[in-house]
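In case you want the letters, here they are:
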Amino acid sequence: MARKLNLRIWRGDATDGGLKDVQVDVNEGEVVLDVIHRVQATQMGDLAVRWNCKAGKCGSCSMEINGKPRLACMTQVASFDEDETITVTPLRAFPVIKDLVTDVSFNYKKAMEIPAYEHPKELAPGEARMEQVDVERSQEFRKCIECFLCQNTCHVIRDHEENKKSFAGPRFFIRIAELDMHPLDKLKNRKRTAQEEHGLGMCNITKCCTEVCPEHIKITDNAIIPMKERVVDIKYDPARMFAGLLKREKRN
Amino acid sequence: MTLERHKYDVLVIGAGGAGLRAAVEAREAGLSVAIICKSLFGKAHTVMAEGGAAASMGNVNDNDNWMVHFRDTMRGGKFLNHYRMAELHAKEAPDRIWELETWGALFDRTKEGKISQRNFGGHEYPRLAHVGDRTGLELIRTMQQKIVALQQADGREFGDMEAKMKVYAECTITEILKENGKIAGAYGYWRETGEEVLFEAPAVVIATGGVGKTFKITSNSWEGTGDGHALALKAGANLVDMEFLQFHPTGMVWPPSVRGILVTESVRGEGGILTNSLGERFMFKYIPDVFKDKYADNEAEADRWYEDQDNNRRPPELLPRDEVARAINSEVKAGRGTEHGGVYLDVSKRIPAEVIKKRLPSMWHQFYELAGVDITKEAMEVGPTCHYVMGGVEVEPDTAAAVGVPGLYAAGEVAGGMHGSNRLGGNSLTDLLVFGRRAGAGAADYVKSAGANPVSDATIKAAADRIEAPFSREGGENSYSLHAELQEVTHNLVGIIRTRTEIEEAIAKITDIRARSKNVAVAGGRKFNPGFHLAFDLDNMLLVAESTAKSALLREESRGGHTRDDFPGMNNQWRQVNHIASFDGNQVNIKAQPLPMLPKELFDLFDVHELEKYMTPEEIAKGGSN
């Protein structure tokens, strides 16, 4: 039942590295992570790969498979032609640590920059009442497994290290959208700060993030575009602009 | 090179639900806290919990309350539970769920806008708060984000978000350190670089989860290697009830690479039925006497229950997990299994496709993408998978303090006692919230009175030498092959069905593998080297397997997650006994210890005729401990 698969694995670290060819057994129904594990157990005991649940729920085994950002545990070997060589490389937008493992700490830093949920003070535990339809909008974004494939594929940072400082990335735009649409959150101006502090304006909605999301979250259509539209409404609201002018005159 | 050192008041090992809840509590008590994760922050095995979190909020059926929940938990555990843990859990679970809502969690709702609750095996009323079938992910994210919120508050107060609480990711702890008989900290290495690190802290909370990777077929991720169980044993703590392992009845069986991955119990809670290869709905044959008056013995009544729960008994698919797992095992052994050695689980006939996709979205994806099965149209093939260890660190129920080691605390799956011989689905997520909080509070109180306990240079050197050892050997054993051997032994000899001769064989083999593991050599450097990581995980799994096998050998009865072919019945004398495992530096020793008796007020919550099924006439006559 087992057949041989040609696998090409990037091996190395921050200083140096390259693609190594190996032949490995593959059985019916196996995913790319299975064959990487087989290589690890039989040929390369120190091959570094990050993984946890092997069921598409934790988002650890993110890598690029034939150039596409994917979860190795959810990519069937059978989805490639039998004679095709499968090439696995580390995520490109983040610095390599070793082999297929990258330093994704950028994402955790950005997570700490997004202002937290603010619960209404007058609402005691157990008193909250929300409609299912109202929580579903935010629930879509809370499905995120933080695989960071969207961050990796986003061209704003993929090839532009210099943008990382001022750009939170799609994962955190859906976090902001989730809080913005949360029926109870009290913090104001989330959309405005998304634009002014987290780089929402740098996104030019090419939808690459939506395409790679393993949870099929409509990142662009349901989070980014609605926020961008509202930001435009707020920023170019003639009534507000007039009020702003009055204020400025007063100051002068 | 100088050793990396950190000082904290409380060190939390493990960043799943219990660890994060403990960290929040200790930080809110004003202490500094380090959180250690073996993987990245937010990837803990808690994310795999699908069904929900059991709490008697009574949102769907207002007959529910803590007393009904307590009774269900004790029945599920076949009365081997530590009554005080089951009591605290049942009483505090609703508050812990509502608290999550104040931190931003978004559970599914009822029509009145309250938190929705679903049916689950062994729970008398709909009781599980849930978010589709990804409830564990919601818990982890909510607490992960709560920790960020606390860090942001620290940032405003101290000018540094990580001044008082910091998450240390991809760090493995190899040893818990003691000085003068009390906790002093922990020692470990960074998975990324292989460099060593010392954490000094007078209190350590162990929240490392389970031991599934000791077995061949498991729903657990690579992290479930019993680290906390082994660390605690080596630090002088005890493990209680290690013979009890939960084999979840429904893991995937096909294709082979996903064998063991969990199929949530919600599939049955939502109306899924189990059939064998003859098309027979076999669970009606497997209702044990103790559950006869709560479960329907015919299809018509079982089907009516979904519409009218007050006037019908529950379908037997919703029996506690140990019963369903044994039933499936028996069907397959009798030759009535599916092509791939499982049974069929079907929701497609009872529930419309769009409802399945809405209520069980990740199950639909899992089967569609990994097995090519559309569960809205066809049946799933399922079979038992090692899912949860009921046994764990022996703790004081109120504070989660590990018995015998001042400064050590344990919560969540790594702690024992709460679930007795079998855990009910949904009780794990609230267990880790209730006892995670209590462990954080217990540790905080301890630190406030005990103060610092510095680590000596001699202790540090001993811990460092142990890490270096596998690199200095050449041509020794391969940790991957030893791990595979261990998994074969546990699976075949101390699995779902056990007998004396097989357990004895297992103990001999585990002892042999442990002797050979002392000779594991590691190829390559220290930097992110999985072979090196496995060498340490293997050591932990071997201690766990030894504790399980030795406890299993002594318990001459069948109860919950421990089934002896040579002692098939439940024995009321054995219900009064816990097995306590301890480590003498050389091997694991087991002693029998009396289980604390229920006090009268809890005893009286049950019908005495029900208790007669579990207790001896002398216990019944006493009517409680007070």
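Residues numbered from 1 in each chain as written. Chains lettered and ligands numbered in written order. Predicted model: local features only at pLDDT ≥ 70, side-chain atom pairs only at ≥ 80, totals over all residues. Heavy atoms only, no water.

Caption draft 1: Molecular detail of the overall build of chain A. Regarding its fold elements, chain A presents ten helices and seven strands. Dimensions along the principal axes, computed over C-alpha positions, put chain A at roughly 75 × 45 × 30 Å. The 252 residues of chain A split such that 54% are buried. Within chain A, contacts between residues at least 6 apart in sequence are counted, and of these 62% link residues at least 24 apart. Approximately 11,800 Å² of chain A is accessible, and the part contributed by carbon and sulfur atoms is 50%. (Helix = DSSP H or I, 4+ residues; strand = E, 2+ residues; numbered from the N terminus. Buried < 20%, exposed > 50% of the residue type's maximum accessible area, 1.4 Å probe, protein only. Contact = heavy atoms within 4.5 Å. Areas by Shrake-Rupley, 256 points an atom, 1.4 Å probe, with all protein chains shown as cover.)

Caption draft 2: The arrangement of the overall build of chain B in detail. Check the secondary structure of chain B and you find 18 helices and 22 strands. The buried share of chain B, reckoned over its 626 residues, is 68%. Within chain B, contacts between residues at least 6 apart in sequence are counted, and of these 73% link residues at least 24 apart. Between the mean site of the 72 positive side-chain charges and the mean site of the 88 negative ones, chain B shows a separation of 1 Å. (Lys, Arg positive; Asp, Glu negative; His and termini not counted. Charge placed at Lys NZ, Arg CZ, Asp CG, Glu CD.)

Caption draft 3: Focus on the interface of chain A and chain B. The interface of chain A with chain B comprises 62 residues on the first partner and 61 residues on the second. Of the roughly 5,000 Å² buried where chain A meets chain B, counting both sides, 55% is carbon and sulfur surface. Where E146(A) meets R141(B), a salt bridge forms, and the shortest distance between an N and an O atom there is 3.9 Å. Our count for the contact surface shared by chain A and chain B stands at 37 residue pairs in polar contact (both at pLDDT 80 or more). Put simply, the parts of the chain that give the side of chain A that touches chain B at least two residues each are α1 (32–42), β6 (96–98), α2 (105–113), α3 (132–142) and α6 (170–181) of chain A. No other element matches α3(A), which puts six residues into the side of chain A that touches chain B. Residues that form the side of chain A that touches chain B fall into these classes: 29 nonpolar, 14 polar and 19 charged. (Buried area = accessible area lost by both parts, 1.4 Å probe. Salt bridge = Lys/Arg side-chain N within 4 Å of Asp/Glu carboxyl O. Polar contact = N/O pair within 3.5 Å; in protein donor to acceptor, adjacent residues only side chain to side chain. Nonpolar A, V, L, I, M, F, W, Y, C, P; charged D, E, K, R; others polar.)

Caption draft 4: Structural view of helix α14 (residues 500–517) of chain B. All names here are of chain B. Compared with the 26 Å implied by 1.5 Å per residue over 18 residues, the 25 Å span of α14 between its first and last C-alpha is a close match. Where α14 is concerned, the buried positions are I503, A506, I507, I510, I513, R514 and S517. Taken down its axis, α14 places every buried residue within 135° of arc, on the same side. Among the exposed residues of α14, those pointing more than 90 degrees away from its buried face are T501 and A515. (Expected span 1.5 Å × (residues − 1). Arc of directions from axis to C-beta.)

Caption draft 5: Summary view of the sheet that holds strand β15 (residues 343–346) of chain B. All names here are of chain B. Strand order in the open sheet formed by four strands is β13-β16-β15-β14, and the pairing between neighbours is antiparallel. Looking at strand neighbours, the two that pair on one side only are β13 (245–252) and β14 (273–275), the edges of this open sheet. Across the sheet, the axes of successive neighbouring strands diverge by a mean angle of 45°, strand direction being ignored. Across six bridges, β13 lies against strand β16 (residues 380–389) in antiparallel orientation. Each bridged residue has a counterpart across the sheet, and for H248 the counterpart in β16 is T385. (Pairing = 2+ DSSP bridges. Axes fitted to C-alpha atoms, helices over the stretch in contact; angles between N-to-C directions.)

Caption draft 6: Molecular detail of the side chain of E200(B). Residue and element names in this part refer to chain B. Relative to the assigned elements, E200 resides in strand β10 (residues 196–200). At 2.9 Å, the side chain of E200 and the backbone nitrogen of V455 are in polar contact. The residues contacting E200, other than those within four sequence positions of it, are R5, H6, K7, Y8, A184, G185, P454 and V455.

Caption draft 7: Broad picture of the packing of helix α5 (residues 227–234) of chain B against helix α15 (residues 530–554) of chain B. All names here are of chain B. Relative orientation of the contacting elements α5 and α15 amounts to 75°, with a least axis distance of 8 Å. For the element pair α5 / α15, the angle class is roughly perpendicular. For the pair α5 and α15, contact is made by D227, H229, A230, L233 and K234 and by D537, D539, N540, L543, V544 and S547, respectively. Of the residues belonging to the contact of α5 with α15, the class tally is four nonpolar, three polar and four charged. (Parallel < 35°, antiparallel > 145°, perpendicular 65-115°, else oblique.)

Caption draft 8: Representation of the domain arrangement of chain A. All names here are of chain A. Each assigned domain of chain A is listed with its residue range as follows: domain 1 (3–102) and domain 2 (105–238). The C-alpha centroid of domain 2 is placed 30 Å from the C-alpha centroid of domain 1. Between domain 1 and domain 2, the residue contacts involve 14 residues of the former and 16 residues of the latter. Between domain 1 and domain 2, a total of about 1,200 Å² is buried, with carbon and sulfur atoms accounting for 54% of that surface. Together, P69, A93 and F94 form the three largest contributors to the area buried by domain 1 at its contact with domain 2, with a combined 46%. Joining domain 1 to domain 2, the criterion identifies two salt bridges. Note that R158 is salt-bridged to E64, the shortest N-O span being 2.8 Å. Where domain 1 packs against domain 2, one counts seven residue pairs in polar contact (both at pLDDT 80 or more). Of all the elements in the fold, those that place two or more residues in the side of domain 1 that touches domain 2 are β3 (62–65) and β4 (68–71). (Domains from an automatic or database assignment.)

Caption draft 9: The arrangement of helix α10 (residues 361–370) of chain B in detail. All names here are of chain B. Taken as a whole, α10 has its buried residues at S362, M363, W364, Q366, F367 and L370. Looking at the buried side of α10, the elements it contacts are β13, α6 (266–269), α9 (353–359) and β16. Positive phi shows up at G372, right after α10, with a value of about 65°.

Caption draft 10: Structural view of the layout of surface pockets. In this structure, the largest pocket encloses a volume near 1,700 Å³. Residue assignment for the lining of the largest pocket shows that the elements contributing at least two residues are α3 of chain A together with β5 (117–118), α9 and α10 of chain B. Counting residues per element, the lining of the largest pocket draws most heavily on α10(B), at six residues. Its residues assigned to classes, the lining of the largest pocket shows 14 nonpolar, 16 polar and 19 charged. Looking at the second largest pocket, its volume works out to about 1,300 Å³. Surrounding the second largest pocket, 49 residues form its lining, H37(A), W51(A), K213(B), H483(B) and Q487(B) being those nearest its centre. Put simply, the parts of the chain that give the lining of the second largest pocket at least two residues each are α1 of chain A together with α13 (479–493) and α15 of chain B. (1 Å grid on protein atoms, 1.4 Å probe; cavity = no way out; pocket = protein on both sides within 12 Å on 5 of 7 lines; lining within 4 Å. Points joined across faces, edges and corners; volume = space filled by probe spheres on them.)

Caption draft 11: Main features of the domain arrangement of chain B. All names here are of chain B. If you check the domain split of chain B, you get domain 1 (4–244 + 390–455) and domain 2 (249–386). Between the C-alpha centres of domain 1 and domain 2 the distance comes to 29 Å. Each partner contributes to the interface: domain 1 provides 25 residues, whereas domain 2 provides 33 residues. Carbon and sulfur atoms supply 47% of the area buried between domain 1 and domain 2, which totals about 2,200 Å² over both sides. It is E50, D133 and I217 in domain 1 that bury the most area against domain 2; as a group they hold 26% of the surface buried on that side. The interface formed by domain 1 and domain 2 includes three salt bridges. One salt bridge connects K78 with E323, and the closest N-O pair in it is separated by 2.8 Å. Where domain 1 packs against domain 2, one counts 17 residue pairs in polar contact (both at pLDDT 80 or more). Classifying every residue of the side of domain 1 that touches domain 2 gives five nonpolar, 13 polar and seven charged.

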